[in-house]
Amino acid sequence: MRPGGRPCTLVVCRGCCCGSAAKHPGTDHPGQLARLHAVAAASHGVLLVRTTGCLDACAQSNVIVVQPSTRGRAQGGRPVWLGWALDDDSLDLIAQYALAGGPGSAELPAALDLQRIAPPRAAGPARTRR
């Protein structure tokens, strides 16, 4: 564990619909993921990015869950589920929010609040991979 606890983490769905060129042919899915990993690498541990299989929110793909840092969780932050993360502006806002501390530490930008979705009822702990 890092000094000060876990950083804010972006869990990027790359299941059946999210990341699908067939469903979203105008989106550079590998490029988006590479950009998020580059932002995380440049953050020197402030932000982590993980990918996961299907999060069962296919109607709102692409889905990214912003998990709070240890500090953010201690301040009442809970995971924020965001849908329709398909363009560079959306991705930039998500990265900026996470770098500012994410849930519990930073205010969710109004534009991202419009992308907020409810987690599926059956959503349990997601298995993630780097």
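To be clear, the structure that these remarks concern was listed above.
Model, not experiment: these values are computed from the prediction. (Residues numbered from 1 in each chain as written. Predicted model: local features only at pLDDT ≥ 70, side-chain atom pairs only at ≥ 80, totals over all residues. Heavy atoms only, no water.)

Regarding the environment of Cys 54
- As for its placement among the helices and strands, Cys 54 is situated in the loop between strand 2 (47-52) and strand 3 (64-67).
- For Cys 54, a relative accessible area of 34% translates into the label partly exposed.
- Separated by 40 residues in sequence, Cys 54 and Arg 14 have C-alpha atoms that sit 6.4 Å apart. (Helix = DSSP H or I, 4+ residues; strand = E, 2+ residues; numbered from the N terminus. Buried < 20%, exposed > 50% of the residue type's maximum accessible area, 1.4 Å probe, protein only.)

Section: helix 1 (residues 29-42)
- Spanning 14 residues, helix 1 covers 20 Å between terminal C-alpha atoms, matching the ideal 20 Å at 1.5 Å per step.
- Among the residues of helix 1, those classed as buried are His 29, Gln 32, Leu 33, Leu 36 and Ala 40. Viewed end-on, helix 1 has its buried residues packed into an arc of 95°, placing them on one side of the element. Across helix 1 from its buried face, at more than 90 degrees, point the exposed residues Pro 30, Ala 41 and Ala 42. (Expected span 1.5 Å × (residues − 1). Arc of directions from axis to C-beta.)

A few points about the nonpolar core
- Grouped together as the largest cluster of nonpolar side chains are 20 residues, with contacts concentrated most on Leu 10, Leu 36, Val 49, Ile 64, Val 66 and Ile 94.
- Sort the elements by how many residues they give to this core and helix 3 (residues 88-99) lands first, with 5 residues.
- If we ignore the near neighbours within four places in the chain, the residues touching Leu 36 are Leu 10, Val 12, Val 49, Ile 64, Leu 91 and Ala 95.
- Counting 9 residues, the second-largest nonpolar core is a separate cluster that includes Cys 13, Val 63, Trp 81 and Ile 117. (Core = buried A, V, L, I, M, F, W, Y, C linked by side-chain atoms within 4.5 Å. Contact = heavy atoms within 4.5 Å.)

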